[in-house]
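Residue strings, one per chain:
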Amino acid sequence: MADMVDMVDMVEMKAVKTASRGIAIAPAYIYREIDLTPDNYPVAEGAALQEEAQFQEVKQAVLAELEQLSQDNPIFAAHMAIADDYTLQEGVIGRIKSGKKNVQQAIFETVEEVAEIFGQMEDEYMRERKADVLDIGKRLLIKCKKISVQDLAAISEPVIIVARDLFPSDTVKMNPEFVKGIITEEGGVTSHVSIMAKNYGIPALTGVSGILSKLEDGNTICMDAGSGDIVIAPKQGVLEGYQKRLQADLKEQEEIKKYRSMEAVTPAGKRISLCINVGNTEEIKLALDKNIDGVGLFRTEFLYMENTHFPTEEEQFAVYKEAASLCPKEVTIRTLDIGGDKSLPYYEFEPEENPFLGWRAIRISLDMPDLFRTQLRAILRASAFGHIRIMFPMMISVEELQKAKEMVEKCKEELRQEGIAFDDGVETGMMMETPASVLLAEEFAKEADFFSIGTNDLTQYILAVDRGNKKIASRYDSFHPAVIKAVASIIEAGHKHNRKVGMCGELAGDVHAVPKLLALGLDEFSMSAGNVDYVRKAIIG
Amino acid sequence: MVSEKIVIKNESGLHARPAGILAQAAMKCNSDVWIMLGEKKVQVKSILNLMAAGIKCGTEIELQCEGESEAEDLQTLKDLIESGLGE
């Protein structure tokens, strides 16, 4: 730490929301986004040759770059063949010659077109090649636009990454060993970056607006994500204070790992099911060494959001099947939960005045039966490969649940006719996250095989507090007596009908909530993988 | 134009590596080279087109060459495909 020199005055900031707890001290690494939108300068009469020449030039540069990379990883040899491809070349040159496009537009359009062909192929291996094509397009455009790129994969010293926002394509490259902390100006506690940070146990704060204007690359940052404190360029005394807190925190983490091999049994002798929330199969793999009892929430929306089209039955089946095989104990798959704050790049939602009270989740599924059917068939087919449970989000009436279950039965019948295997005893349950579901919990308990309390939405709906609104963020409180009362009545109603009641909202991963939730009789706690060790310790007591 | 029917033996079909080898060999040919897959005409000099054709193991393809060195080119590429394209 001795070589961290700060020529600026100490700045203190406070973040309202913790994305992933923990303490970090490291120099700032500012991640600037790159804009790959093609410049739209016109090509003058007779200047097409220059554009062509530029294409050849950037292509050679990209080939040289890939050749270098291919020495360590053979995948880049295949990338070289694609970059040097005849079709790609013809497409670009053709667009420059006859389409009067500039080289950037020509590359952009050609790459999009080729990527789309791959994206629509049936074979999963081939579909994945789409990413290769897009990656090559990105390399070509970066060279055309003469952008210098930061490579998160190249980080080899401890840093705290500071960015406007981070995307899956960015975070996938990060080496968690060197990324000590993450601070973003945008994004909320439920955004991709927070989920990722929690999984890796990286301290993270999101929604810290204005931080990028307050620091420079290399400035020392101290952050305590638990309390939301950020100090830029700390004075010696402050730095020492953080170093002590960091040591204590690391020691606690070591301590907590000792509980990992133990079963989650309460002092009263009740065996609690300890599960994780995930958005993809990668996160399951990362959590397999945490002695978990299953996946309490598999969010399927990322499958839809990180895509160029509605995922096909085959595409979804492959993912659910992998999840079921990875985690044979239990995988609870929640059907599509889009709308609200989650939109799709390839489907236009009508703008709504109140998206959280709008057309979202099960409402979309029930209104678009083909979409729903595709997903249910994929889930059912995967159920033959493990222990899958189906969970419906945003229920407000028993009729909706009955309709959804009818659709499941219809899909089962289809599969039976087609001779395709599935688990006939697959359980169908629901998220408890609307005030209506709380008030009707008894009625729902007769129809649903299990309940899972989604405290994020439940809190926002019960308290009428928008969880994304910074101005009222302090009023968003899952410990509010009204929310606790709702949780209590859900558990009571569920138990009355012998239903297992779980929780998959943020509250389930909060150690401070454990004693209360145990007292209320919660059967299953499902949370981000990063919280599992802490909650296990809190349950064992 | 000369042509010949060949059955693809590569276990995973013409995926990236074998498709790359075939495309590169075709690039060296002076003649125009296509694979006919039923009605579909696939440009062999392009790895992208070859991969996008999704040619699987056991598929019978018709390899066509047209140009001055067509007979020679057809033989070269046929031998290469039958040798398993480096696999």
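Worth saying up front: this structure is predicted, and the values here are computed from it rather than measured. (Residues numbered from 1 in each chain as written. Chains lettered and ligands numbered in written order. Predicted model: local features only at pLDDT ≥ 70, side-chain atom pairs only at ≥ 80, totals over all residues.)

**Overview of the overall build of chain B**
Convention followed: The numbering of helices and of strands both runs from the N terminus, where a helix is a DSSP run of H or I of at least 4 residues and a strand a run of E of at least 2. Three exposure classes are used, all based on how many other C-beta atoms lie within 10 Å of a residue's own C-beta (placed from the backbone): buried at 20 or more, exposed at 12 or fewer, and partly exposed between those limits. Throughout, a residue-residue contact means that the two C-beta atoms, derived from backbone geometry, are no farther apart than 7 Å.
Summing up its helical and strand segments, chain B has three helices and four strands in all. The N-to-C order of helical and strand elements in chain B reads β-α-β-β-α-β-α. Here chain B holds 87 residues, and 40% of them are scored as buried. For chain B, the proportion of contacts with a sequence separation of at least 24, taken over those separated by at least 6, is 74%.

**Focus: the interface of chain B and chain A**
The test is simple: Side-chain classes are defined by residue name, with Ala, Val, Leu, Ile, Met, Phe, Trp, Tyr, Cys and Pro counting as nonpolar, Asp, Glu, Lys and Arg as charged, and the others, Gly among them, as polar.
The interface is formed by 14 residues belonging to chain B together with 15 residues belonging to chain A. Among the elements that make up the side of chain B that touches chain A, the one with the highest residue count is helix H2 (residues 47-52) of chain B (five residues). Here the residues of the side of chain B that touches chain A are counted per class, giving six nonpolar, six polar and two charged.

**Topic: unusual backbone geometry**
Residue and element names in this part refer to chain A. Residue Ala233 is not a glycine yet carries a positive backbone phi of 50°. By the secondary structure assignment, Ala233 is in the loop between strand S8 (229-232) and helix H8 (236-257). Positive phi, close to 55°, is recorded for Ala464, a residue that is not glycine. In this structure, Ala464 sits in the loop between helix H17 (455-463) and helix H18 (481-496).

**Brief notes about the nonpolar core**
This is how the line gets drawn: One nonpolar core equals one set of buried Ala, Val, Leu, Ile, Met, Phe, Trp, Tyr and Cys residues connected by C-beta atoms within 7 Å.
In this structure, Val295, Met430 and Ile490 of chain A are the most contacted members of the largest nonpolar core, which totals 78 residues. Here Val295 of chain A is in contact with Cys275, Ile276, Val278, Ile284, Ala323, Cys327, Glu330, Val331 and Thr332 of chain A, once residues within four sequence places are set aside. In terms of nonpolar packing, the next biggest core, distinct from the first, is built from 52 residues, Ile107 and Leu140 of chain A together with Val44 and Leu50 of chain B among them.

**Quick word on the environment of Ala361 of chain A**
All names here are of chain A. Looking at the secondary structure, you find Ala361 in the loop between strand S11 (331-334) and helix H12 (362-367). Assessed through the 25 C-beta atoms surrounding it within 10 Å, Ala361 is described here as buried. Remark: the alpha-carbon pair of Ala361 and Ile338, spanning 23 residues in sequence, is separated by 5.2 Å. Among all residues touching Ala361, those that are not within four sequence positions of it are Asp337, Gly339, Pro393 and Met394.

**Quick look at the sheet that holds strand S2 (residues 18-20) of chain A**
All names here are of chain A. Operational definition: By definition, two strands form a pair when at least two bridges between them are found by DSSP. For helices, the axis comes from a line fit to the C-alpha atoms of the stretch in contact; other axes are also lines fit to C-alpha atoms, and the angle between any two N-to-C directions lies between 0 and 180 degrees.
Ordered by their spatial adjacency, eight strands build an open sheet running S1-S8-S7-S3-S4-S5-S6-S2, and the pairing between neighbours is mixed. Each having just a single partner strand, strand S1 (11-14) and S2 make up the two edges of the open sheet. Two elements, strand S3 (residues 23-31) and strand S4 (residues 159-163), share four bridges in a ladder whose sense is parallel. Considered in S4, the bridge of Tyr31 is made with Ala163. On the sheet, H8 packs against S3, strand S7 (220-224) and S8 and is oriented at approximately 110° with respect to S3.

**Re helix H20 (residues 532-540) of chain A**
Residues and elements named next belong to chain A. When you tally the buried positions in H20, you get seven out of nine residues, the bulk of the element. For H20, the set of buried residues is Val532, Asp533, Val535, Arg536, Lys537, Ala538 and Ile539. Buried-residue contacts for H20 involve H8, strand S9 (273-278), helix H19 (514-520) and strand S16 (524-527). Immediately downstream of H20, the backbone of Gly541 shows phi near 85°, a positive value.

**Quick word on the environment of Asp35 of chain A**
Position of Asp35 of chain A among the secondary structure elements: in the loop between S3 and helix H1 (48-70). Between the C-alpha atom of Asp35 of chain A and that of Leu141 of chain A, which follows or precedes it by 106 residues, the distance is 9.7 Å.

**A closer look at the pairing of S16 of chain A**
Residues and elements named next belong to chain A. In S16, alternate side chains face the same way, and those of Glu524 and Ser526 on one face and Phe525 and Met527 on the other are all buried. Pairing of S9 with S16 involves four bridges; the strand directions are parallel. Bridge pairing in S16 places Ile276 opposite Met527. Across two bridges, the pairing between strand S15 (residues 500-503) and S16 is parallel. Pairing of Met503 across the sheet is with Phe525, part of S16.

**Section: the sheet that holds strand S10 (residues 294-299) of chain A**
Residue and element names in this part refer to chain A. The strand order around the closed barrel formed by eight strands is S9-S10-S11-S12-S13-S14-S15-S16, and the pairing between neighbours is parallel. On average, each strand axis in the sheet is tilted by 25° relative to the strand beside it, whichever way the strands run. Inspection of the sheet shows strand S13 (residues 427-432) paired to strand S14 (residues 450-453) by three bridges, in the parallel sense. Across the sheet, Met432 pairs through a bridge with Ile453, a residue of S14. Set on the sheet, helix H11 (residues 313-326) makes contact with S10, S11 and strand S12 (388-392); between it and S11 the angle comes to about 155°.

**Some remarks on the pairing of S10 of chain A**
As a general feature of sheets, a regular strand has side chains that alternate between the two faces. Residue and element names in this part refer to chain A. The line we're drawing: With the strands pointing away from the viewer, any crossover whose connection runs clockwise from the first strand over the helix to the second is right-handed.
In terms of burial, S10 is largely enclosed, as six of its six residues are buried. Where S9 lies against S10, four bridges are found, and the strand directions are parallel. Across the sheet, the residue bridging to Cys275 is Gly294, located in S10. In this fold, S9 hands off to helix H9 (residues 281-287), which returns the chain to S10; that crossover is right-handed.

**Overview of H1 of chain A**
Along an α-helix, residues three or four positions apart point the same way, because every turn accommodates 3.6 residues. Definition in use: One less than the residue count of a helix, multiplied by 1.5 Å, gives the span that helix is expected to have.
Taking 1.5 Å as the rise per residue, H1 of chain A with 23 residues should run 33 Å; its terminal C-alpha atoms sit 32 Å apart, in good agreement. When we look at burial in H1 of chain A, the residues that qualify are Ala48, Glu51, Phe55, Val58, Lys59, Val62 and Leu66 of chain A.

**Side note on the packing of H11 of chain A against helix H13 (residues 369-382) of chain A**
Residue and element names in this part refer to chain A. The test is simple: Should the near helix be turned anticlockwise from the far one by less than a right angle, the crossing is termed left-handed; should it be turned clockwise, right-handed.
Viewed as axis vectors pointing N to C, H11 and H13 meet at an angle of 35°, and their least axial separation amounts to 8 Å. The handedness of the crossing between H11 and H13 comes out as right-handed. Touching Glu313, Gln316, Phe317, Tyr320, Lys321 and Ala324 of H11 are Thr374, Gln375, Arg377, Ala378, Ile379, Arg381 and Ala382, all from H13.

**A word on the environment of Glu352 of chain A**
All names here are of chain A. Within the fold, Glu352 resides in the loop between S11 and H12. Residue Glu352 is classed as partly exposed on the basis of its C-beta count, with 13 C-beta atoms lying within 10 Å. Sequence spacing of Glu352 and Gly339 is 13 residues, and the spatial spacing of their C-alpha atoms is 9.8 Å. Those residues in contact with Glu352 that lie beyond four places of it in its chain are Gly358 and Trp359.

**As for the packing of H1 of chain A against helix H3 (residues 86-97) of chain A**
Helix packing geometry: the angle between the two helix axes and the distance between the axes. Residues and elements named next belong to chain A. Stated formally: Roughly parallel means an angle under 35 degrees; roughly antiparallel means over 145; roughly perpendicular covers 65 to 115; every other angle is labelled oblique.
One way to put it is that H1 packs onto H3 with a least axis distance of 9 Å and a crossing angle of 160°. Looking at the two axes, H1 sits roughly antiparallel to H3. Between H1 and H3 the crossing geometry is right-handed. On the side of H1, the interface is formed by Ala48, Glu51, Glu52 and Phe55, while H3 contributes Val92, Ile93, Ile96 and Lys97.

**Digging into the confidence of the model for chain B**
As a reminder of what qualifies: For every residue, the predictor reports its confidence as pLDDT, a number between 0 and 100.
Of all residues in chain B, 100% have pLDDT values of 70 or greater, and the mean over the chain is 88. As scored by the predictor, the complex reaches a pTM of 0.63 and an ipTM of 0.74.

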